[in-house]
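As a plain string of letters, each chain reads:
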Amino acid sequence: MDVRDILALSPVVPVMVVHDLGSIADAAMALFAGGIRAFEITLRTPQALQAISVLRQALPDEAIIGAGTITQPEHLQAAVQAGAQFGVSPGLTPALAEAIRSQALPFLPGVASASEVMQATNWGFDTFKLFPAAAIGGVPLLQSFSGPFAQARFCPTGGINAGNAAEYLALNNVLAVGGSWMLPADKIAQGDWQGITALAQTALAQTACALKPAH
C-alpha cells in the first residue's frame, strides 16, 4: 500500500495531538465509527509514540495509523518502531528524504512552494502535504500547481475546517485533507464520543459531493 492508497481510504485525515493517553483510543474509535480510516498522530508530545502503539492495538485492521511532524531521521525510526504505517512531515530535507528511502515507509512530505515540489519530485516523491495550506495560498495555490505539476497530488493541512474542506477536495490534484476540527477539546474532555462520531460523519457527508474518481 502506498501513500495514495492510504489517502484514498478517507477524504479526511484527522490530525491528532495526544495529551492524554487515557482518551486517545476512545477518540480514535469514535472517529472510526464515523467513517474515518486513516489517522495521523503528530510527534509533538511525549505521549505520541505510545499513542501510535495503543491505536495499532485498539483499532480494527481497516484503520491505518501514521506519525506526523517527522522532521528528523531519528523521528522516522522511532515512529516505525512504534508501529506507524505511514509518515508525514511539515517539510523535507536531504537527510530525511534519504532516511525515508531506507525505511520504505509510505510517506507524505510537506511542501510550501513550487521549488519545494520540484526538489521533492527529484527525490522520488509524487504526493505531498501542502502545509500550512491556508496561510500560503490555499485553493488558489493548489490550482496554480496543477499546470506545472500535473502528476503531483496533495493533502492540504493547516487551516482546513468544516467550512472549506469540500472546496479543497473538489480540486483534481487533492486526494484528501488533514485537520483537527472533528476533535474539539471540549468533547474530548467531556468524553462525548458520540458527538465526535457525529462530527466525523458530518465531515465525510459534507465532502462526499466533492469526491473525484480515483487518481
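Residues numbered from 1 in each chain as written. Predicted model: local features only at pLDDT ≥ 70, side-chain atom pairs only at ≥ 80, totals over all residues. Heavy atoms only, no water.

1. Observations regarding the sheet that holds strand β2 (residues 38-42)
Okay, step 1: In spatial order, the strands read β5-β4-β3-β2-β1-β9; together these 6 strands make up an open sheet with parallel pairing. Of all strands in the sheet, those with a lone pairing partner are β5 (107-108) and β9 (177-179), marking the two edges.
Okay, step 2: Here strand β3 (residues 64-68) runs beside strand β4 (residues 86-88); their pairing, made up of 2 bridges, is parallel. Within β4, the residue paired with A67 across the bridge is G87. (Pairing = 2+ DSSP bridges. Helix = DSSP H or I, 4+ residues; strand = E, 2+ residues; numbered from the N terminus.)

2. So, the environment of D126
Okay, step 1: Position of D126 among the secondary structure elements: in the loop between α6 (114-122) and β7 (127-130).
Okay, step 2: Accessibility expressed as a relative area gives 41% for D126, which makes it partly exposed.
Okay, step 3: For D126, the contacting residues outside a window of four places in its chain are R4, Q151, A152 and R153. (Buried < 20%, exposed > 50% of the residue type's maximum accessible area, 1.4 Å probe, protein only. Contact = heavy atoms within 4.5 Å.)

3. Let's talk about the packing of aromatic side chains
Okay, step 1: Throughout the structure, instances matching the rule amount to 3 aromatic pairs.
Okay, step 2: Residues F128 and F154 carry aromatic rings whose centres are separated by 5.8 Å and whose planes lie at 40 degrees to one another, so their mutual orientation is tilted. Separated by 26 residues along the polypeptide, F128 in strand β7 and F154 in strand β8 (residues 153-156) bring together distant segments of the chain.
Okay, step 3: Judged by relative accessible area, which is 0%, F154 ranks as buried.
Okay, step 4: Aromatic side chains F145 and F149 sit 5.5 Å apart centroid to centroid with 80 degrees between the ring planes, which places their arrangement in the edge-to-face category.
Okay, step 5: Under the relative-accessibility criterion, F145 is labelled buried at 4%.
Okay, step 6: Linked through ring pairs, F128, F145, F149 and F154 together constitute an aromatic cluster.
Okay, step 7: The ring centre of F32 lies 3.8 Å from the NZ or CZ of R37, which sits over that ring. (Phe/Tyr/Trp six-rings, centres within 6.5 Å; stacked < 30°, edge-to-face > 60°. Lys NZ or Arg CZ within 6 Å of the ring centre and 35° of its normal.)

4. Some remarks on helix α5 (residues 94-103)
Okay, step 1: Residues of α5 that are buried: L96, A97, A99 and I100. The buried residues of α5 occupy one face: seen down the axis, they fall within an arc of 160 degrees. In α5, the exposed residues that point more than 90 degrees away from the buried face are P94 and S102.
Okay, step 2: Buried residues belonging to α5 abut α4 (73-82) and β5. (Arc of directions from axis to C-beta.)

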